[in-house]
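A look at the structure
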Amino acid sequence: MRVEFVLNGARADAEVEPGERLLDVLRRVFTLTGTKEGCGEGECGACTVLLEGEPVLSCLVPVFQAHGRTVRTVEYIGNDPAAREFLERFVDAGAAQCGACTPGIIVTAWAASQDGRPLTRDEVNRALAGNLCRCTGYEAIVRSLAGEDAP
């Protein structure tokens, strides 16, 4: 089956298997390896991408659901000049450690912030409820996304 969509601002198309996951197509066909597979069951959030601007778990989305739609990955956000300050806050706070969860957290938080503005702690906690991190204990992540200085 042929699937066509807008990927990170450019037209994309690929010949895929009908039940193939969006995650696998992004990584295998388009070599966008920033999107990570953590659990493969929709529990960890590492594979989060934006589908029509909404965070989705790409390990649970059949690629045919992207047909005719817009998909944005962490690579898009990383190259967006509007995200520079947002990403710098994340790095400066030491919010990324092993990196497995980082892409999903960045994508989810970027969608929640809409324009890179700092979120309230409550907004961060609500937005990241589906993103697991085993390294940081979350405090640096929350602090960076809330625009708070390190203690």
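Below, the structure is looked at part by part. Along each chain, residues carry numbers from 1 onward, in the same order as the chain's sequence is written. Given that the model is predicted, a residue must reach a pLDDT of at least 70 before its local features are reported, and side-chain atom pairs must reach 80 or more before they are shown or counted; all residues, however, enter totals for whole chains, interfaces and linings. Excluding hydrogens and water, the side-chain values take into account all heavy atoms of the structure.

1. Regarding the pairing of strand S1 (residues 2-7)
Side-chain alternation along S1 places Val 3, Phe 5 and Leu 7 on a buried face and Arg 2, Glu 4 and Val 6 on a face that remains uncovered. At least two DSSP bridges between two strands are needed for those strands to be called paired. Only DSSP runs of H or I covering at least 4 residues are called helices, and only runs of E covering at least 2 are called strands; the numbering of each starts at the N terminus. As judged from the six bridges shared by S1 and strand S2 (residues 10-15), these two strands associate in the antiparallel manner. Counted as the bridge partner of Val 3 is Ala 14 from S2. Between S1 and S2, which pair antiparallel one after the other, the connecting turn spans two residues, and Asn 8 there sits at a positive phi close to 50°. Relative accessibility decides the category of a residue: with a 1.4 Å probe and only protein chains considered, values under 20% of the type maximum give buried, values over 50% give exposed, and everything between is partly exposed.

2. Overview of the side chain of Ser 58
Structurally, Ser 58 can be placed in the loop between strand S4 (54-57) and strand S5 (70-72). For Ser 58, a relative accessible area of 0% puts it in the buried group. Contact between two residues is taken to exist if any of their heavy atoms lie within 4.5 Å; hydrogens are not considered. Setting aside chain neighbours within four positions, we find Ser 58 in contact with Arg 21, Leu 22, Leu 23, Thr 35, Cys 47 and Val 49.

3. Examining the packing of aromatic side chains
Planes of paired rings set the category: under 30 degrees apart is stacked, over 60 is edge-to-face and the rest tilted, where pairs are Phe, Tyr or Trp rings (Trp by its six-membered ring) whose centres lie within 6.5 Å. Evaluation of the coordinates by the stated rule reveals two aromatic pairs. Between Phe 5 and Phe 30, the aromatic rings sit 5.9 Å apart at their centres with planes inclined by 80°, giving edge-to-face as the arrangement. Of this pair, Phe 5 sits in strand S1 while Phe 30 sits in the loop between helix H1 (22-28) and strand S3 (48-51); the two residues are 25 residues apart in sequence, bridging distant segments of the chain. The pair formed by Phe 5 and Phe 30 is uniform in burial state, with each residue classed as buried. Taking 5.1 Å as the distance between ring centres and 65° as the angle between the ring planes, the aromatic pair formed by Phe 86 and Trp 110 counts as edge-to-face.

4. A closer look at the nonpolar core
Looking at soluble globular proteins, one finds that nonpolar side chains tend to be buried together. Residues belong to a common nonpolar core when they are buried Ala, Val, Leu, Ile, Met, Phe, Trp, Tyr or Cys residues joined through side-chain atoms within 4.5 Å. Of all hydrophobic cores here, the largest spans 21 residues; its most connected members are Phe 90, Ile 105, Ile 141 and Leu 145. When residues of this core are traced back to their parent elements, those giving at least two are helix H2 (74-79), helix H3 (84-92), helix H4 (102-113) and helix H6 (139-145). Tallying contributions element by element places H4 first for this core, with five residues. Apart from the residues lying within four places of it in its own chain, the contact partners of Leu 145 are Phe 86, Arg 89, Phe 90, Ile 105, Ala 109, Pro 118, Leu 119, Val 124 and Leu 128.

5. Some points on H3
Three or four residues apart is the spacing at which side chains of an α-helix point the same way, because the helix has 3.6 residues per turn. Within H3, the full set of buried residues consists of Phe 86, Arg 89 and Phe 90. Angularly, the buried residues of H3 cover 100° about the axis, an arc narrow enough to put them on a single face. Opposite the buried face of H3, by more than 90 degrees, sit the exposed residues Arg 84, Glu 85, Val 91 and Asp 92. Two residues or fewer after H3 comes Gly 94, characterised by a positive phi angle close to 70°. As used here, the arc is the angular range of directions from the helix axis to the C-beta atoms.

6. Quick notes on the pattern of salt bridges
For this document, the term salt bridge refers to a Lys or Arg side-chain nitrogen within 4 Å of an Asp or Glu carboxyl oxygen. Summed over all chains, the structure comprises twelve salt bridges. Here Asp 13 and Arg 11 are joined by a salt bridge, their closest N and O atoms 2.9 Å apart. A single network of salt bridges, built from pairs that share partners, joins Arg 2, Glu 4, Arg 11, Asp 13 and Glu 15.

7. As for the sheet that holds S1
Within the open sheet, the five strands sit side by side as S2-S1-S5-S3-S4. Their pairing is mixed. At either end of the open sheet lies a strand with only one pairing partner, and these are S2 and S4. Each neighbouring strand pair of the sheet contributes to a mean axis angle of 40°, computed without reference to strand direction. Pairing analysis gives two bridges linking S3 to S5, with the strands arranged antiparallel. For helices, the fitted line uses only the C-alpha atoms of the stretch in contact; every axis is such a line through C-alpha atoms, and the angle between N-to-C directions lies from 0 to 180 degrees.

8. A word on the environment of Thr 136
As for its placement among the helices and strands, Thr 136 is situated in the loop between helix H5 (121-127) and H6. Classification of Thr 136 as buried rests on a relative accessible area of 16%. Sequence separation of Thr 136 and Val 49 is 87 residues, and the distance between their C-alpha atoms is 22 Å. Residues within four places of Thr 136 in sequence aside, it is in contact with Ala 95, Gln 97 and Ile 141.

Nothing here speaks to function; it is all geometry.
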